[in-house]
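Listed below are the residues making up each chain.
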Amino acid sequence: MASWQRTHFCGELRETHIGQSVTLNGWVNTFRMYPDQVFIDLRDRYGITQIVVESDRPEFFKIAAEARSEWVLSIQGRVRERMIGSEKKHNPKLATGAIEVLAENVTVLNRCPTPPFELFSVPQEGQTFGEPELANEDLRLQYRYLDLRRPTLHRTLAMRHRLNKVIRDNLDAQGFFEIETPLLGKSTPEGARDYLVPSRVSLGQWYALPQSPQLYKQILMVAGYDKYFQIARCLRDEDLRADRQPEFTQLDLEMSFVEMDDVFGVIENLTAEVFRRCVGVTLPTPFPRLTYSDVMLRYGSDKPDLRYGLEIVDVGDIAAQTEFQAFKGALETGGAVRAINVNAAADKFSRKQLDELAEIVKRAGGKGCAWVKVEAEKFAGGIEKFLAPPIQVQLRQRLGAKAGDLLLFVADKADIVCAGLGTLRQHLAGVLKLYDPNALDYKIAWVIDFPSFIWDDEEKRWAANHHPFTAPLDGDLPRLESDPGSVKAKAYDLVINGYECGGGSIRIHNPDVQSRLFKVLGMTDEQAKARFGFLLDALKFGAPPHGGIALGLDRFAMMLARTTNIRDVIAFPKNQKARDLMTGAPAPVDAKQLKELGL
RNA sequence: GGGGACGUAGCUCAAUUGGUUAGAGCACCGGCCUGUCACGCCGGAGGUUGCGGGUUCGAGCCCCGUCGUCCUCGCCA
C-alpha cells in the first residue's frame, strides 16, 4: 500500500478511534486559516472529517495554508478528541464531530482551480453536506464531474444502483433470466425515429439502434425462455422533454403462457419491493385498475395524477338545456361540455388569473374556459347570466358545489375538452398546492382497456395505438373489421403520480389474428412480411401465448428521488438539443471516417 | 417546425421601469486574528449587461435580428 493511501473514510472516525494513527484521502470541502493553525474539512463519499494542521510542522503547515476548495489531499495523522484544555469542543452537527485528525503529514494528491460554480453551501440542520443555490444547468452539465460531486446526486445515483439491484434480485427470485439483446439491429419503419449507424462492411446499408428490445424479446419467448428481463438502453431520435432523453433505460420484461393478470402480479410484486427498499414506502397491492375511457373522462389524461381530486364531471345533458351558444355549438357538433369544481377557490382567482386559465385551455387546443362563482343562493360572474336558476340547481347538484366554489367549464370536441380540462386540472393542483412534491406520496395505478387503433387523419387510415402485435380483447375480435374504433386492446400502462412509468401488452400469437390486424392497418401480408418478416416467421414456429411490459427506469428513479427533471437521475444526460455539453457530442468527424463509410 | 420564459462580475441575483461612475452576497487576491467548524474583521481586484443592428440627447431597460438555455405543442408504434 502506498504511503498516502487511506486507512479510513472521512465519515468513519468516532471517539473509539481516539489515539489511532490514520490516513484519510479526500477533497477540501472548506478551510479556515489562522496564524498558527489551519482547519480543513476533508470530504469523501462517506462524510467529512476536520483536519488540523499546526504551525509547529512548518513544511506541512505551508502546504495546508495553500490548499483551496476541491484540492485532493492525503492526510496522515493521529485521531484526537476535540478539546480546548480540559473542555470538550465537539461539533454536534457532524457525525465525526467528536474528533479531529491532527496532521503529521500532508500530501497534495492534486490541485484544483477555483471551481466555476459553487458545489457546497451551509448544511441544513441534521445534514453533513450543504446544497448551494444551483448554477445554470448548462454550466453544470459542461462541468458534470463537478456537479456530480454534489451529495444529492451521489444519493440519487446510489439510489439507482439500489433500484437496479432490487430489480435483479426480485426478478431472479421470480424465476426470470436476464438476457442481453443487440444494439445494432434492423430499422423498423413504424414507431419513433431511429438512430442510424452506417455499415462499413456493407457500404450504403444501415443498422438502427433499438427503440426497445421489443422484437427480440418476443423471439426469446418463441425460443422457450419463458421469463425474460433486461435492463436495456433504448434510443429514440425524438424531441426531448423534462421527462424524456434520447437514450434512456427500460426494464424490459416478457413472459410466456400468461394473461394480463400474470404480468400485473409480477410487476406489483417488483414495484412494491422497489418502493419498500428504495424509499421505505409500502404500496398497497394489487394496484387499482382504471379504464382508459374512465381516466380520460375524469382526469382528462391517460396518465392521471391521482394524488389530488379535482375530477372532471360531464355536464353535457345540463348544458344542452341552456341557450349558451358555446355550449350548444359544441354539443350540436357532437362535442362535450365538462366541468371542474375547484373547491373554495372563488376568491382565489382574480379576473386576470381567470383569463390565464382560459389561456391554458387555448394552448391545449381549446377556445377557452368559462367560469362561474358559487354563492349561497345563486351563481355569480362569468357565464352566470346564461344559466337559468333550474340549470344552476342541477349543476350545483351534479358538481357537489357549495358557496365559495369556483366552477370551470370547457365545451368543445371531446378530445379537446379532455386535453383542456386535464391541463387545467394539473395547473390548478400546482397553483393551489393540492399535493406536496417533496413528500413520499405515491399514487400508482394501472390504466387498461386502451383502444387498439387510433384514426390517423393525415394518412386516412387506422394506426396501431400501442404496436401492431398487441392482442385485442377476446370479446372485441368479432368487430375487428366492422368497427375498429371500438376494439380495445390487452394493453396497459403503469402510472405513478401523473407519469407514464411503464407500458406493455399481451401479444398476438395467432397468425390469423395477426394477419387480420395488419389488414385493418392497411397492410398487405406482403408489406407486413417485408417490415416484420423475421418476427412473423418466428411466430409461426410454435409461439406460446406471451406478453410483457417495459418500465421506464429513469422515470421510476425520478419518482423515487422526487424530482421532475430526468437529468437529475442520469449521470451524464443530454440537454434539450440532445447535446452532451461535457463531451461536445454530437460533433463533426474526420473526412477519412466518412470516406470509409461511403458517406 | 410553433408557443412561452430567461440571458447583467467566476456563481446567485439587484439596478426606483429610458437618466450621473451598473450594485450586493458568495467565490477569488492581500492583510489582521490561538479553536475555528458557513470562522470573523479590514482592504482589493473583477463588467463589451450573450452577440449584431436600430430608435433616442441618452439604452442593461424599448424595437428588429441572431445565438444559447429551459418549459411546452407537434413528435415519442
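Computed from a prediction, not measured in an experiment: that's the story for all the values here.

**Looking at the protein's contact with RNA strand B**
- Taken together, 49 residues form the shell around RNA strand B, and within it R80, I84, E238, D239 and H466 come nearest.
- Within 4 Å of the protein, the contacting atoms of RNA strand B are 49% sugar and phosphate, with bases supplying the remainder.
- At 3.2 Å, a backbone N or O of N465 approaches a sugar or linking oxygen of RNA strand B.
- Partitioned by chemical class, the residues of the surface near RNA strand B number 16 nonpolar, 13 polar and 20 charged.

**Overview of helix α11 (residues 389-399)**
- Looking only at α11, the buried set comprises I391, Q392, L395, R396 and L399. Buried positions in α11, seen along its axis, are confined to an arc of 135° and lie on one side of it. Seen from the buried face of α11, the exposed residues on the opposite side, beyond 90 degrees, are P390, V393 and Q397.
- Just downstream of α11 lies G400, where phi reads positive at about 60°.

**A few points about the pattern of salt bridges**
- Per the stated rule, a full pass over the model turns up 43 salt bridges.
- Across the pair E104 and R78 runs a salt bridge whose closest N-O atoms are separated by 3.7 Å. With E104 in strand β7 (residues 99-110) and R78 in strand β4 (residues 72-81), this pair connects stretches of sequence that are 26 residues apart.
- Relative accessible area serves as the criterion here: at 38%, R78 is assigned to the partly exposed category.

**Side note on the side chain of S256**
- Tracing the backbone shows S256 in strand β12 (residues 247-256).
- Other than its neighbours up to four places away in sequence, S256 contacts M221, D226, P544, P545 and H546.

**Some remarks on unusual backbone geometry**
- Cis rather than trans, the peptide bond between T285 and P286 has omega equal to -5°.
- Notably, F257 is not glycine yet its phi reads approximately 60°, a positive angle.
- Inspection of the secondary structure puts F257 in the loop between β12 and α6 (260-279).
- Positive phi values are uncommon outside glycine, yet D449 reaches one of about 60°.
- Secondary-structure assignment places D449 in the loop between β19 (444-448) and β20 (453-456).
- Owing to a relative accessible area of 19%, D449 belongs among the buried residues under this scheme.

**What about the pairing of strand β18 (residues 406-412)?**
- Most of β18 is tucked away: seven of the seven residues are buried.
- Burial along β18 is two-sided: the residues L406, L408, V410 and D412 and L407, F409 and A411 are all buried.
- Pairing analysis gives four bridges linking strand β16 (residues 370-374) to β18, with the strands arranged antiparallel. Residue pairing across strands places K373 opposite L406, the latter belonging to β18.

**Some details on the domain arrangement of chain A**
- Considered domain by domain, chain A is made up of domain 1 (15-110), domain 2 (156-290 + 443-569) and domain 3 (308-431).
- The distance between the C-alpha centroids of domain 1 and domain 2 comes to 53 Å.

**Things to note about the environment of T107**
- Relative to the helices and strands, T107 is located in strand β7.
- Under the relative-accessibility criterion, T107 is labelled partly exposed at 30%.
- Separated by 82 residues in the primary sequence, T107 and N25 place their C-alpha atoms 9.4 Å from one another.
- Beyond its immediate chain neighbours, meaning those up to four positions away, T107 contacts V72, L73 and S74.

**Brief notes about the sheet that holds strand β15 (residues 336-342)**
- Overall, antiparallel pairing links the five strands, which are arranged β14-β15-β18-β16-β17 in an open sheet. Every other strand in the sheet has two partners, leaving β14 (312-314) and β17 (379-380) as the edge strands with one partner each.
- Here helix α12 (residues 414-431) sits on the sheet in contact with β14, β15 and β18, set at roughly 10° to β15.

**Some details on the nonpolar core**
- Core analysis: the largest hydrophobic core is formed by 69 residues, its most contacted members being I167 and V274.
- Counting residues in hydrophobic clusters, the runner-up holds 24 residues, among them V22, V38, V53 and A67.

**Points about the pairing of strand β23 (residues 499-506)**
- Buried residues dominate β23, accounting for seven of its eight residues.
- Strand direction decides the pairing type here: strand β22 (residues 491-496) and β23, joined by six bridges, are antiparallel. Residue pairing in the sheet places V495 in a bridge with E500 of β23.
- Between β22 and β23, which pair antiparallel and follow one another directly, the connecting turn spans two residues, one of which, N497, has a positive phi of 50°.
- Relative to strand β24 (residues 546-552), β23 runs antiparallel, the two being bridged by five bridges. By the bridge assignment for β24, I506 is matched with G547.

Each value, and the rule that gives it
- Residues numbered from 1 in each chain as written.
- Chains lettered and ligands numbered in written order.
- Predicted model: local features only at pLDDT ≥ 70, side-chain atom pairs only at ≥ 80, totals over all residues.
- Heavy atoms only, no water.
- Near = heavy atom within 4 Å.
- Polar contact = N/O pair within 3.5 Å; in protein donor to acceptor, adjacent residues only side chain to side chain.
- Nonpolar A, V, L, I, M, F, W, Y, C, P; charged D, E, K, R; others polar.
- Buried < 20%, exposed > 50% of the residue type's maximum accessible area, 1.4 Å probe, protein only.
- Helix = DSSP H or I, 4+ residues; strand = E, 2+ residues; numbered from the N terminus.
- Arc of directions from axis to C-beta.
- Salt bridge = Lys/Arg side-chain N within 4 Å of Asp/Glu carboxyl O.
- Contact = heavy atoms within 4.5 Å.
- Pairing = 2+ DSSP bridges.
- Domains from an automatic or database assignment.
- Axes fitted to C-alpha atoms, helices over the stretch in contact; angles between N-to-C directions.
- Core = buried A, V, L, I, M, F, W, Y, C linked by side-chain atoms within 4.5 Å.

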